[in-house]
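The chain contents come next:
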Amino acid sequence: CRAIHRDGSIVWLDVRLYAVRDPEGKAIRYHGTVIDISEQKEAEVAKFASKRILRTVIDNVPQLIYWKDLDSRYIGCNRAFANANRVKDPKLVIGKTDHDLNYSRSDIDYIDEMEKRVIESKTPIRDFIYEDTRQEKERAIYKQNKQPLYDDSGAVIGVIGTAENITERILADIALSESEARYRHLFNSANDG
């Protein structure tokens, strides 16, 4: 319970009261304990606030972020990842696999191979390009990073992945290259003046 100390500060107390009863069940006296748990409660509040801030940051970066266990099951993701996979709430991704998110067989094989390499080597893979082949109408090209996920003891328990959608940049580069090629062809084909 929360109490106010004589000096006006707030303290948190763990109060436990027990009744001693006679043979008929009537309470004849009470005994109990009162323990000041203010430090523990403040640590819980700080931990909760820290988690909330971290969640806010993760959900508001434009990059897709996810983390998986050793069985390739999602144990978390941010809102951008959930949205890219047409899932309303990031919590609904937890426990799912790439198959559940309708990745193609070739995509699943590629993703699994990359993530197994990261887990087994304990070495991140950075800045590789991946094209999501699930999109029926439009292309989706990502620059990705994958790194091992460790527990408190230093054991690898999964993988963390981030992805940045670079589709527009890639398509713009392709269009520029094609335009330059057409210009070069026209220039080389032109009669000398």
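Heads up: the structure comes first, above all this text.
In this text the structure is predicted, and so the values were computed from the model without any measurement.

**Observations regarding the nonpolar core**
In step 1: By size, the foremost hydrophobic cluster in this structure holds 24 residues, and its most contacted members are Tyr 74, Phe 81, Val 93, Leu 101 and Tyr 103.
In step 2: Of all elements in the fold, only β4 (64–69), β5 (74–77), α2 (79–84), α3 (105–121), β6 (125–132), β7 (140–150) and β8 (156–165) reach the threshold of two or more residues within this core.
In step 3: With 5 residues, α3 is the single largest residue contributor to this core.

**Here we look at the pattern of salt bridges**
One side chain can pair with another of opposite charge once the charged atoms of both are near each other.
In step 1: Enumeration according to the criterion identifies 7 salt bridges in this entry.
In step 2: Among the ionic pairs, Asp 14 bridges to Arg 16, the shortest N-O distance being 3.1 Å.
In step 3: Sharing partners across several salt bridges, the network here consists of Lys 68, Asp 98, Glu 115 and Lys 146.

**Considering α3**
In step 1: In a regular helix each residue adds 1.5 Å, so 17 residues correspond to 24 Å; α3 covers 24 Å between its end C-alpha atoms and thus fits that length.
In step 2: Those residues of α3 that sit buried are Asp 107, Ile 108, Ile 111, Asp 112, Met 114, Glu 115, Val 118 and Ile 119.
In step 3: Along its buried surface, α3 packs onto β4, β6, β7 and β8.
In step 4: Directly after α3, the chain includes Lys 122, whose backbone phi takes a positive value near 55 degrees.

Parameters at a glance
- Residues numbered from 1 in each chain as written.
- Predicted model: local features only at pLDDT ≥ 70, side-chain atom pairs only at ≥ 80, totals over all residues.
- Heavy atoms only, no water.
- Core = buried A, V, L, I, M, F, W, Y, C linked by side-chain atoms within 4.5 Å.
- Buried < 20%, exposed > 50% of the residue type's maximum accessible area, 1.4 Å probe, protein only.
- Helix = DSSP H or I, 4+ residues; strand = E, 2+ residues; numbered from the N terminus.
- Salt bridge = Lys/Arg side-chain N within 4 Å of Asp/Glu carboxyl O.
- Expected span 1.5 Å × (residues − 1).
- Contact = heavy atoms within 4.5 Å.

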